[in-house]
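Here is what each chain is made of, one letter per residue.
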Amino acid sequence: MSKTTPSPPPYAAADISSLPADILESHVLTRLDGQTLASASCAKAVLRSILDTNHGLWYDVCHSTWPSTSGEVVNRIISSFSGNGPREFFSQAFPMPSPDPTKVFSPSSPPQCNKLINCKHFCDIYSHVN
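Fair warning: this is a prediction, and the values are worked out from it, not measured in the lab.

**A closer look at the packing of aromatic side chains**
So, point 1. Tallied over the full model, the rule gives 4 aromatic pairs.
So, point 2. Ring geometry for W66 and F89: centres 5.3 Å apart, planes at 85°, overall edge-to-face. Here F89 lies in helix 6 (residues 85-93) and W66 lies in the loop between helix 4 (55-65) and helix 5 (72-79), a separation of 23 residues in the sequence. There is no split in this pair, since W66 and F89 are both buried.
So, point 3. Given a relative accessible area of 0%, W66 falls into the buried group.
So, point 4. An aromatic cluster is present here, built from W58, W66, F81, F89 and F90 joined pairwise through their rings.

Spelled out as structure tokens, the structure:
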């Protein structure tokens, strides 16, 4: 009796990075919440490069997480964060874990504000984080 080798499936397993960037941006990443996006950017270089440059996606995440961030004053402050403003803002609220359990990863320190902001702009941010 001879052994037969099973034939491979008619499709090949594909990695997420084999999808075109425009499909990833418009049909996959837009369906994820901020914490999942942050985790995804740590998983694959292609995802990190898309998420590092897609400010609109991070603005959408901020606005859906904290509705008061859609105001003009708050938007200006968020855009002043170093690098990708909305992504940096999100990472300040939800820091990624660090390999060293005594430290929390934060890409940079928050920007200094040179004017007072009405508290009502940040009420939902404070209540969501705490």
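Having put the structure on the table, let's press on.
**A short note on the pattern of salt bridges**
So, point 1. The final tally for this structure, using the stated rule, is 3 salt bridges.
So, point 2. One salt bridge connects D52 with R48, and the closest N-O pair in it is separated by 3.6 Å. Linking D52 with R48, this pair stays in helix 3 (residues 45-53), spanning 4 residues, or about one helical turn.
So, point 3. Residue classification places R48 among the partly exposed residues on the basis of a relative accessible area of 41%.
So, point 4. Several salt bridges converge on common partners, so that one network encompasses R48, D52 and R87.

**Quick notes on the packing of helix 4 against helix 6**
So, point 1. Following both chains from N to C, one finds helix 4 and helix 6 inclined at 40°, their axes separated by 7 Å at the closest point. One finds that helix 4 runs oblique with respect to helix 6. Relative to helix 6, helix 4 is oriented so that their crossing is left-handed. Of helix 6, the residues touching helix 4 (which contributes H55, W58, Y59, V61, C62 and T65) are G85, P86, R87, F89 and F90.
So, point 2. Residue composition of the contact of helix 4 with helix 6, grouped by class: 7 nonpolar, 3 polar and 1 charged.

**Examining the confidence of the model for the chain**
So, point 1. For the chain, the average pLDDT comes to 74, and 64% of its residues sit at 70 or higher.
So, point 2. Ranking the elements of the chain by mean pLDDT puts helix 7 (residues 123-129) last with 49 and helix 4 first with 90.
So, point 3. Within the model, pLDDT remains below 50 along residues 109-127, and this stretch shows 22 contacts once partners closer than five positions in the same chain are excluded.

**Observations concerning helix 3**
So, point 1. Where helix 3 is concerned, the buried positions are L47, I50 and L51. Here the buried residues of helix 3 occupy an arc of 90° about the axis, which is enough to place them on one side. For helix 3, the exposed residues lying more than 90 degrees away from the buried face are A45 and T53.
So, point 2. On the buried face of helix 3, the contacting elements are helix 1 (21-28), helix 2 (34-43), helix 4 and helix 6.

Each value, and the rule that gives it
Residues numbered from 1 in each chain as written. Predicted model: local features only at pLDDT ≥ 70, side-chain atom pairs only at ≥ 80, totals over all residues. Heavy atoms only, no water. Phe/Tyr/Trp six-rings, centres within 6.5 Å; stacked < 30°, edge-to-face > 60°. Helix = DSSP H or I, 4+ residues; strand = E, 2+ residues; numbered from the N terminus. Buried < 20%, exposed > 50% of the residue type's maximum accessible area, 1.4 Å probe, protein only. Salt bridge = Lys/Arg side-chain N within 4 Å of Asp/Glu carboxyl O. Axes fitted to C-alpha atoms, helices over the stretch in contact; angles between N-to-C directions. Parallel < 35°, antiparallel > 145°, perpendicular 65-115°, else oblique. Left-handed = near helix turned anticlockwise from the far one by under 90°. Contact = heavy atoms within 4.5 Å. Nonpolar A, V, L, I, M, F, W, Y, C, P; charged D, E, K, R; others polar. pLDDT = per-residue confidence, 0-100. Arc of directions from axis to C-beta.

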